[in-house]
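Residues per chain, in single letters:
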Amino acid sequence: WLCWRLHPTRHPDTVSYTPEETAIYHLQKQYLYENLGKLDTLEKQIICMLYGLNPYKSPYSLAEIGKALGESKQYIHYIKQRALEKLKDNMSGLAA
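Just so it is clear, the structure is predicted and the values come from calculations on it, not from any experiment.

S.K.: So what exactly am I meant to see when it comes to a nonpolar patch on the surface here?
M.R.: A cluster of nonpolar residues, Leu42, Tyr75 and Tyr78, forms a patch on the protein surface that exposes about 270 Å² of accessible area. By the element assignment, leucine 42 lies in helix 2 (residues 41-51).

S.K.: Please explain the pattern of salt bridges as it appears in this structure.
M.R.: Tallied over the full model, the rule gives 4 salt bridges. Lysine 86 serves as the salt-bridge partner of aspartate 40, at 3.7 Å between the closest nitrogen and oxygen. Taken together, the residues aspartate 40 in the loop between helix 1 (19-36) and helix 2 and lysine 86 in helix 4 (residues 73-90) connect sequence positions 46 residues apart. In this structure lysine 86 comes out as partly exposed when scored by relative accessible area, which is 31%. Each of Asp40, Glu43, Arg82 and Lys86 takes part in one network of salt bridges that share partners.

S.K.: What exactly am I supposed to notice about the confidence of the model for the protein chain here?
M.R.: Parts of the model with low pLDDT should not have their predicted coordinates read in detail. Looking at the protein chain, the pLDDT average stands at 83 and 80% of residues meet or exceed 70. Mean pLDDT across the elements of the protein chain bottoms out in helix 1 (86) and peaks in helix 3 (residues 62-69) (96). Considering only residues more than four positions removed or in separate chains, one finds that residues 1-8, a stretch of pLDDT under 50, has 25 contacts.

S.K.: Explanation requested: helix 4 in the structure shown.
M.R.: Each full turn of the α-helix corresponds to 3.6 residues, which orients residues three or four apart in the same direction. The terminal C-alpha atoms of helix 4 lie 26 Å apart, and with 18 residues this matches the ideal 26 Å at 1.5 Å per residue to within 8%. The complete set of buried residues in helix 4 reads Ile76, Ile79, Lys80, Ala83 and Leu87. Along the long axis of helix 4, the arc covered by the buried residues comes to 105 degrees, so they all point the same way. Away from the buried face of helix 4 by more than 90 degrees, exposed residues Gln74, Lys88 and Asp89 are located. Where the residues of helix 4 are buried, they touch helix 1, helix 2 and helix 3.

S.K.: Could you clarify how one ought to interpret unusual backbone geometry in this entry?
M.R.: Peptide bonds are mostly trans, and most non-glycine residues show a negative phi. Residue proline 55 is reached from asparagine 54 by a cis peptide bond, and omega for that bond is 5 degrees. With respect to the helices, strands and loops of the structure, proline 55 is situated in the loop between helix 2 and helix 3.

S.K.: Help me out: how do you make sense of the side chain of glutamate 43 in this one?
M.R.: Residue position: glutamate 43 is located in helix 2. Of note is the side chain of glutamate 43, whose polar atom sits 3.0 Å from the side chain of lysine 86. Once residues within four sequence positions are removed from consideration, glutamate 43 is found in contact with Ile79, Arg82, Ala83 and Lys86.

Parameters at a glance
- Residues numbered from 1 in each chain as written.
- Predicted model: local features only at pLDDT ≥ 70, side-chain atom pairs only at ≥ 80, totals over all residues.
- Heavy atoms only, no water.
- Patch = residues over 30% accessible without salt bridge, like charges linked within 9 Å, V, L, I, M, F, W, Y side chains within 5 Å.
- Areas by Shrake-Rupley, 256 points an atom, 1.4 Å probe, with all protein chains shown as cover.
- Salt bridge = Lys/Arg side-chain N within 4 Å of Asp/Glu carboxyl O.
- Helix = DSSP H or I, 4+ residues; strand = E, 2+ residues; numbered from the N terminus.
- Buried < 20%, exposed > 50% of the residue type's maximum accessible area, 1.4 Å probe, protein only.
- pLDDT = per-residue confidence, 0-100.
- Contact = heavy atoms within 4.5 Å.
- Expected span 1.5 Å × (residues − 1).
- Arc of directions from axis to C-beta.
- Polar contact = N/O pair within 3.5 Å; in protein donor to acceptor, adjacent residues only side chain to side chain.

In structure tokens form, the structure reads like this:
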């Protein structure tokens, strides 16, 4: 997701990175979690569920999130888009 801007096809747990790449990855991850805290509770929960972020271990589909929260898939999609826009605006200064 946002933390993998450097190499979207490389996962940090399975590939060796240079020290610089590792530092950038960890800074992006820290910045992401700080900005998740700026989202509304529902927005944060949906983003974390969608991408398998803490405390969720694996990603959920929009339909699964909707079912878990008692909302429609379309409503979850709307909230996801709104949250991603907020994250994009908040993180625009972190271009790698």
